[in-house]
Amino acid sequence: GYTFEAGPFDSNRQTTVLTIPANETSVDATYKCVVQSDEHGQSEVKTDVESKVFIMSSIPKDVTLSVPQTLACTISGLDDNQAVEVTWREKSGGAALANDTNYEIVQGTVTGGTQDSVLTIKAAKIRTLTGPSFTYKCSAKSSQYPDSAESAELDVVADVLTFGVTPKNAEVLSGTSATISCVVTGLTEQLQSVKWERPNGGGDITSDTDGFTFDNGASSFGSNTQTTVLTIPANKNNVDATYKCVVQSNEHAKTADETNVQAKVFTMTSTPKSEANQVEQTLTCTISGLDDSEEVTVTWKETSGGTPLVDDTNYGIEQGSVSSTGTQNSILTIKADKMKTYSTGSSFTYKCSAKSSQYPDSAESAELDVVADVLTFGVTPKSSEVLNGTSAPISCVVTGLSKALESVKWEKPDGGFITSNTDGYTFEA
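Quick caveat, the model's predicted, so the values are computed rather than measured.

Criteria and thresholds
Residues numbered from 1 in each chain as written. Predicted model: local features only at pLDDT ≥ 70, side-chain atom pairs only at ≥ 80, totals over all residues. Heavy atoms only, no water. Helix = DSSP H or I, 4+ residues; strand = E, 2+ residues; numbered from the N terminus. Buried < 20%, exposed > 50% of the residue type's maximum accessible area, 1.4 Å probe, protein only. Contact = heavy atoms within 4.5 Å. Areas by Shrake-Rupley, 256 points an atom, 1.4 Å probe, with all protein chains shown as cover. Pairing = 2+ DSSP bridges. Axes fitted to C-alpha atoms, helices over the stretch in contact; angles between N-to-C directions. Salt bridge = Lys/Arg side-chain N within 4 Å of Asp/Glu carboxyl O.

1. Focus on the overall build of the protein
Then step 1. Scanning the protein from terminus to terminus reveals two helices and 32 strands.
Then step 2. If one aligns the C-alpha atoms of the protein with their principal axes, the spans along those axes are about 165 × 55 × 35 Å.
Then step 3. When the 429 residues of the protein are sorted by exposure, 31% land in the buried category.
Then step 4. For the protein, long-range pairs separated by at least 24 residues make up 56% of all intrachain contacts whose partners lie at least 6 apart in sequence.
Then step 5. Accessible area of the protein: about 24,700 Å², with a carbon and sulfur share of 48%.

2. A word on the sheet that holds strand β20 (residues 213–215)
Then step 1. Taken together, the four strands give an open sheet; going across it, the order is β16-β18-β21-β20, and neighbouring strands pair in antiparallel fashion. Whereas interior strands pair on both sides, the edge strands pair on one side only; in this sheet they are β16 (164–168) and β20. Along the sheet, successive strands turn relative to each other by an average axial angle of 10°, direction set aside.
Then step 2. Strand direction decides the pairing type here: strand β18 (residues 178–185) and strand β21 (residues 225–232), joined by eight bridges, are antiparallel. For T185, the partnering residue across the bridge sits in β21 and is T225.

3. What about the pattern of salt bridges?
Then step 1. Tallied over the entire structure, the rule returns 18 salt bridges.
Then step 2. A salt bridge links D79 to K52; its shortest N-O distance comes to 3.1 Å. With D79 in the loop between β9 (69–76) and β10 (85–89) and K52 in the loop between β6 (42–51) and β7 (55–57), this residue pair connects regions lying 27 residues apart in the sequence.
Then step 3. A residue is classified by how much of its surface remains accessible, and D79, at 28% relative accessible area, is partly exposed.

4. Some points on the sheet that holds strand β8 (residues 61–63)
Then step 1. Pairing is mixed across the open sheet formed by four strands, whose spatial order is β8-β15-β14-β10. For this open sheet the edge positions go to β8 and β10, each flanked by a neighbour on one side alone. Across the sheet, the axes of successive neighbouring strands diverge by a mean angle of 30°, strand direction being ignored.
Then step 2. Examined bridge by bridge, β10 and strand β14 (residues 133–141) share five bridges and lie antiparallel to one another. Counterpart to R89 in the pairing with β14 is K137.

Below is the structure:
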């Protein structure tokens, strides 16, 4: 791939030229030209000739379109104090950019063999550009060896960020604290200001006042994102409410951008239930105040903090659905074999808790006690004593039932079962 010419002779001068192929210019190298001049008695004079190379690179940059932005063209592999001359263009082969009302160019200096040339796109120009991306061109030419060719053009890409605010709503048990937030995306710098407003135009919230706390998210800014978090105290979280986060972003020309954030609450109730211990029984956990078709996820446990129950040989769980009145009934079925482990006359307690499926970042509720009393079976006779020859009502009072008896029969004193409305007898189950 090499070519060279001995060179033309003219005016007491001869220039020999070597062309080095591209695949041999990956690193700095020293070549030698070797000449012979009989008239000067020189048979083999060697002269070092440097072939230096540099590398150009640029990392795509995230930008916004309301404030000045900078792009960088990085040249590496340079000698100290031997900066190259960088040329910036709007398009390939276009006019070279200069310092004017639209642009400012800093050539940069060499530090550790690297030179960063920076193009500032001023506000008036940046506002005319559009996304999702745009590209400028940079090229470099040696100042150390000015006869060297200018480099090919390098693409310097800018990705245009879009401003966005995503509310992170919450749905928790009424009377417990809630955490809501706004996730602001498309940023190259921190927001200039963040504030939260109370529901129904109730004014700005001051952090660490009335139990409210909020973090503006500046300390965790990164990846073009800033998240501001508001914690609502338990005593201010008894009904559904709408808060506002209000942010200012100069780079997106947003002076007071408002976003509604929901703080929803639900209530949980359970009525103590009396149950027999020889058949399967059910317990109910009732969640109220829900949106249509937005069921919560209910977890059942035998003990506080215990392992969540699942459908198995002991239990069956029905999550339930939300009724037209915003109520969900989750039902725990305790199967017969498990019920038989509970003694008559005793009571036992299960735990239920709920977690929002509509807003899954919400905290799980505290556990609610769901109480069951085990009924004791008993039969009390109600005997009678009446005048001979008159009708007499007698009865049995059966207690400890959670459902109607499966059958009732009466037997005559001398044996045999009585049929109601036969031989003058009547009875009711």
